[in-house]
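Residue-level listing of the chains:
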Amino acid sequence: MGRDRKVTVTDFLNMKGGQIVMVATYDYITAKLCDQAGVDGILIGDSVIMNLYGFPTTHYATLRDIARHTQAVANAKPRALVVADMPFMSYEASRREAVKNASKLIRAGADAVKLEGGEEIVDKVEAIVKAGIPVMGHIGLTPQRVLRLGGYRLMGKTAEMGLKLLEDAKALEEAGAFSIVIEFTAAEVAAEITRRLRIPTICIGAGPECDGQILVLHDMVGLSEIEPFFAKKYINLREQILRAVSEYVQDVKQRRFPGPEHYRKMRREEYERFLKMLESRDEAQREGMHSRC
Ligand code: KIV
């Protein structure tokens with residue numbers, strides 16, 4: 001694949017058996033940086049509502065939130081495939097609503113949408129795909145269903161759970177999904193699903209035997225408050241930002257900032273004219289005060 005050409009869903013399908021690299025991020029600058037670094041796909045995850053807005057779960061993300069952040073990422077004109085998460089309750093009610101809401105994310109600049117769930121949502125996946133919108137599935141730990149799952153737990157721990165996940169994955173493939181995210185799932189189950197699907201699997205906390213990996217940028221760079229054990233931290237930006245802002249506070253308090261390189265002055269003659277004008281103004285004010293007494 002040429003470095004300059006836009007990545008398409010067909011490229012993802014062709015990368016089956018290879019290593020697709022995706023990052024979840026939510027804004028113009030970081031999308032541009034991730035794209036320059038060579039990722040194949042950028043996900044505008046509903047985790048935006050936790051990482052950027054401080055909400056406790058992804059339930060609080062709305063279609064408007066995701067659409068706005070999708071626009072920001074699309075403004076970076078990334079070569080990477082742009083996938084937008086369909087948030088909680090934007091696709092559950094009916095096929096019609098699912099298609100309508102998916103189309104809003106496409107109009108915001110996404111190349112594809114991602115839906116959480118297995119067999120129970122295949123009718124929605126089918127309808128969205130039929131409308132011409134590529135769908136990425138998401139199984140295993142599905143944070144939008146965390147209340148029913150009873151917490152952020154490892155999925156596919158038992159043979160029965162593993163089989164159910166395989167059935168979910170197969171159903172999504174049948175419905176026309178072009179790839180599937182497998183989150184926080186026993187590695188053996190993710191590996192077996194990967195072997196048995198024609199479409200690529202992209203894993204997060206589900207081991208190495210998948211067709212790709214996805215990490216949330218905030219976890220990778222050390223900005224997240226909760227640090228999932230399965231995310232590798234490449235840099236500690238929290239520490240670096242804390243250090244930088246503390247230094248700035250001290251610089252201002254100790255009058256070390258701004259330095260001469262951070263501001264500009266008037267020309268000398270202009271400054272002298274300015275001082276004269278101030279002098280005449282002060283004098284006029286003094287005279288005014290005297291004449292009132
Ligand atoms: O919302 C998100 O960031 C995600 C990733 C964890 C895959 O869905």
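Given the structure is predicted, the values throughout are model-derived calculations rather than measurements.

### Looking at the layout of surface pockets
Quantified by volume, the largest pocket comes out at close to 780 Å³. Every element with two or more residues in the lining of the largest pocket is listed here: α3 (48–51), β4 (112–116), β6 (179–183) and β8 (212–216). A class-by-class count of the residues in the lining of the largest pocket yields 17 nonpolar, 7 polar and 8 charged.

### Observations regarding the site of the ligand
Inspection of the region around the ligand gives A24, L43, G45, D46, S47, D85, K114, H138, E183, I204 and V216 as its neighbouring residues. Here D85 contributes a side-chain N or O atom positioned 3.3 Å from an oxygen atom of the ligand. Take K114: an N or O atom from its side chain is 3.0 Å from an oxygen atom of the ligand. The pocket occupied by the ligand, as judged from atoms lying within 2 Å of grid points, is the largest pocket. Broken down by class, the residue content of the shell around the ligand amounts to 4 nonpolar, 3 polar and 4 charged.

### Some points on the side chain of K124
By secondary structure assignment, the location of K124 is in helix α6 (residues 122–130). Assessed through its relative accessible area of 9%, K124 is described here as buried. Leave out the neighbours within four places in its chain, and K124 touches Y91, E92, A93, S94, R95, A98 and L115.

### Examining the packing of aromatic side chains
On inspection of all chains with the given rule, the structure shows 6 aromatic pairs. When the ring of F12 is compared with that of F178, the centres are 5.9 Å apart and the planes differ by 65°; the resulting orientation is edge-to-face. Here F12 is found in helix α1 (residues 9–14), whereas its partner F178 is found in the loop between α8 (159–175) and β6, with 166 residues between them in sequence. Between Y248 and F257 the ring centres are 6.1 Å apart and the planes differ by 75°, which places this aromatic pair in the edge-to-face class.

### Description of the domain arrangement of the protein
Accessible area lost during the coming together of the parts is what is often quoted as the interface size. Here the protein is described as being made up of domain 1 (9–236) and domain 2 (243–292). A separation of 54 Å is found between the C-alpha centroids of domain 1 and domain 2.

### Focus on the pattern of salt bridges
Tallied over the entire structure, the rule returns 21 salt bridges. We note a salt bridge from E119 to K164, for which the minimum N-O separation is 3.2 Å. Highlighted residues: E119 in the loop between β4 and α6 and K164 in helix α8, separated in sequence by 45 residues. Here R281 makes a salt bridge to D282, at a shortest N to O gap of 4.0 Å. Classification of D282 as partly exposed rests on a relative accessible area of 33%. In the salt-bridge network here, residues are joined through shared partners; they are E192, R195, R196 and E209.

### Points about the side chain of H59
Relative to the helices and strands, H59 resides in the loop between α3 and α4 (63–75). Among the polar contacts made by the side chain of H59, one reaches the main-chain carbonyl oxygen of Q144 at a distance of 3.0 Å. If we skip the residues at most four places from it in the chain, H59 touches F88, P143, Q144, V146 and L147.

### Describing the packing of α8 against helix α9 (residues 187–196)
Helix packing for two helices is described by the angle between their axes and how far apart those axes are. Running from N to C, α8 and α9 point in directions that differ by 35°, and their axes come no closer than 10 Å. Seen from above, α8 lies across α9 with right-handed handedness. Taken together, the residues of α9 that come into contact with α8 (itself represented by G162, L165, L166, A169 and K170) are V189, I193 and R196. Here the residues of the contact of α8 with α9 are counted per class, giving 5 nonpolar, 1 polar and 2 charged.

### Some details on the pairing of strand β7 (residues 201–204)
Side chains of β7 alternate between two faces, with T201 and C203 and I202 and I204 buried alike. When β6 meets β7, the two strands line up parallel, connected through 4 bridges. Bridging from a neighbouring strand, E183 pairs with I204 of β7. The parallel pair β6 and β7, bridged by α9, forms a crossover whose chirality is right-handed.

Thresholds applied
Residues numbered from 1 in each chain as written. Predicted model: local features only at pLDDT ≥ 70, side-chain atom pairs only at ≥ 80, totals over all residues. Heavy atoms only, no water. 1 Å grid on protein atoms, 1.4 Å probe; cavity = no way out; pocket = protein on both sides within 12 Å on 5 of 7 lines; lining within 4 Å. Points joined across faces, edges and corners; volume = space filled by probe spheres on them. Helix = DSSP H or I, 4+ residues; strand = E, 2+ residues; numbered from the N terminus. Nonpolar A, V, L, I, M, F, W, Y, C, P; charged D, E, K, R; others polar. Near = heavy atom within 4 Å. Polar contact = N/O pair within 3.5 Å; in protein donor to acceptor, adjacent residues only side chain to side chain. Sits in = over half its atoms within 2 Å of the grid points. Buried < 20%, exposed > 50% of the residue type's maximum accessible area, 1.4 Å probe, protein only. Contact = heavy atoms within 4.5 Å. Phe/Tyr/Trp six-rings, centres within 6.5 Å; stacked < 30°, edge-to-face > 60°. Domains from an automatic or database assignment. Salt bridge = Lys/Arg side-chain N within 4 Å of Asp/Glu carboxyl O. Axes fitted to C-alpha atoms, helices over the stretch in contact; angles between N-to-C directions. Left-handed = near helix turned anticlockwise from the far one by under 90°. Pairing = 2+ DSSP bridges. Right-handed = clockwise from strand over helix to strand, strands pointing away.

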